[in-house]
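# Breakdown of the fold
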Amino acid sequence: MTAKGSGSSTRAPSSSVHHDDEGHVPTPPTARGGDPASAWTRSALPRLARAASAALTAVSLVTLAVSASLLGVGSGALRHVDPQAGAALVFPVAESAATVVGILASLALAAAACPGLTTRWSPPRRGAQAAGGVVVALGTWLGHAVSRALSTGYTDTPCRYDGCWPSTPQTLAAAAPTVLLGVAMVVVACLPWPWAVRRWAPVLTWVVLLGVQRALWEPVLLPLFVGPPP
């Protein structure tokens, strides 16, 4: 038997779903993949990071080429011996101290920055650091070669000694620290060291070599270059 008059009745649960004007149920934001602004940010940030890293590498490579070449043309910002007879024996440094410091600082910062940014989307690149090392070495040697050619190759004045002593050893001594910076960048790019070490180890090595070169140039190397060949 069925009890009647119990005072209770069974009702269908009311629906709380809202419909649009055409009777369709709108899709909630979470079903559409979240906030559109957040989705755009997630997709745009990696692209921006990679583009910024590539731009930093490109600017650094150009800076390395220009700075290394200028340093070479200026004979490493060192006094140097003129190998030709009849000219002043020792040339003074042509650049001002501010110019030399600016070139050295630009070279150091570009050498550290050329691998690119260190981000979760754009890690530094070994190839960029190795390419920067090649640019430094070639740019330095090219600058010194141009300086040597300008001082000995465009005049009829003969050299004081056979072989234009001390042109070659003086060029090698002046270019050595920066050429070794380029070599160190190529070597370090191949090592499994943390990027903080790989960025700055070649630069710090170069700074030490520059200090040794400056300390030995006037008291040891310059008197050697002034005299006759050994």
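Residues numbered from 1 in each chain as written. Predicted model: local features only at pLDDT ≥ 70, side-chain atom pairs only at ≥ 80, totals over all residues. Heavy atoms only, no water.

### Examining the overall build of the chain
In terms of regular secondary structure, the chain is built from five helices and two strands. The order of helices and strands in the chain, counted from the N terminus, is α-β-β-α-α-α-α. In the chain, which comprises 230 residues, the share counted as buried stands at 33%. Look at the contacts in the chain between residues 6 or more apart in sequence, and 80% of them connect residues 24 or more apart. (Helix = DSSP H or I, 4+ residues; strand = E, 2+ residues; numbered from the N terminus. Buried < 20%, exposed > 50% of the residue type's maximum accessible area, 1.4 Å probe, protein only. Contact = heavy atoms within 4.5 Å.)

### Notes on the pattern of salt bridges
The tally for this structure, following the rule as stated, stands at one salt bridge. We note a salt bridge from E218 to R79, for which the minimum N-O separation is 2.9 Å. With E218 in helix α5 (residues 195-226) and R79 in the loop between α1 (36-73) and β1 (80-81), this pair connects stretches of sequence that are 139 residues apart. Accessibility expressed as a relative area gives 37% for E218, which makes it partly exposed. Accessibility expressed as a relative area gives 31% for R79, which makes it partly exposed. (Salt bridge = Lys/Arg side-chain N within 4 Å of Asp/Glu carboxyl O.)

### Some words on the packing of aromatic side chains
Two aromatic rings, taken as a pair, are described by how far apart their centres are and by the angle between their planes. In this structure the tally under the stated criterion is two aromatic pairs. An angle of 65 degrees between the planes, with centres 5.7 Å apart, marks the rings of W217 and F225 as edge-to-face. F225 matches W217 in its accessibility class, with the two residues each being buried. Members of the aromatic cluster, connected to one another through ring pairs, are W165, W217 and F225. Here the guanidinium or amino end of R198 rests over the ring plane of W195, the centre of that ring lying 4.1 Å away. (Phe/Tyr/Trp six-rings, centres within 6.5 Å; stacked < 30°, edge-to-face > 60°. Lys NZ or Arg CZ within 6 Å of the ring centre and 35° of its normal.)

### Considerations on the packing of helix α2 (residues 97-113) against α5
Taken N-terminus to C-terminus, the directions of α2 and α5 make an angle of 155 degrees; their axes are 8 Å apart at the nearest point. Classified by the angle between their axes, α2 and α5 sit roughly antiparallel to one another. Where α2 crosses over α5, the handedness of that crossing is right-handed. Residues L104, L107, A108, A111, A112 and A113 of α2 touch α5, and the partners they reach there are R199, W200, V203, W206 and L210. Within the contact of α2 with α5, the residues separate by chemical class into ten nonpolar, no polar and one charged. (Axes fitted to C-alpha atoms, helices over the stretch in contact; angles between N-to-C directions. Parallel < 35°, antiparallel > 145°, perpendicular 65-115°, else oblique. Left-handed = near helix turned anticlockwise from the far one by under 90°. Nonpolar A, V, L, I, M, F, W, Y, C, P; charged D, E, K, R; others polar.)

### Observations regarding the nonpolar core
Ranked by size, the top nonpolar core spans 16 residues in total, and within it L64, L107, V136, L181, M185 and W206 carry the most contacts. For this core, the element with the most residues is α2, which contributes six residues. Not counting residues up to four positions away in its chain, the partners in contact with L64 are L107, A110, A111, C114, G132, V135, V136 and M185. In this structure, L78, W165, A174 and L222 belong to the second largest nonpolar core, which totals nine residues. (Core = buried A, V, L, I, M, F, W, Y, C linked by side-chain atoms within 4.5 Å.)

### What about a nonpolar patch on the surface?
Taken together, the side chains of V73, L142, V146 and L150 make up a nonpolar region of the molecular surface, amounting to roughly 350 Å² of accessible area. Considering every element that reaches the nonpolar patch, the biggest residue donor is helix α3 (residues 126-152), with three residues. Its location among the elements puts L142 in helix α3. Residue class for L142 comes out exposed when judged on its relative accessible area of 52%. (Patch = residues over 30% accessible without salt bridge, like charges linked within 9 Å, V, L, I, M, F, W, Y side chains within 5 Å. Areas by Shrake-Rupley, 256 points an atom, 1.4 Å probe, with all protein chains shown as cover.)

### Looking at the side chain of S60
Along the chain, the position of S60 falls in helix α1. Note on S60: relative accessible area 4%, which makes it buried. Setting aside its immediate chain neighbours within four residues, S60 contacts A110, A113 and C114.

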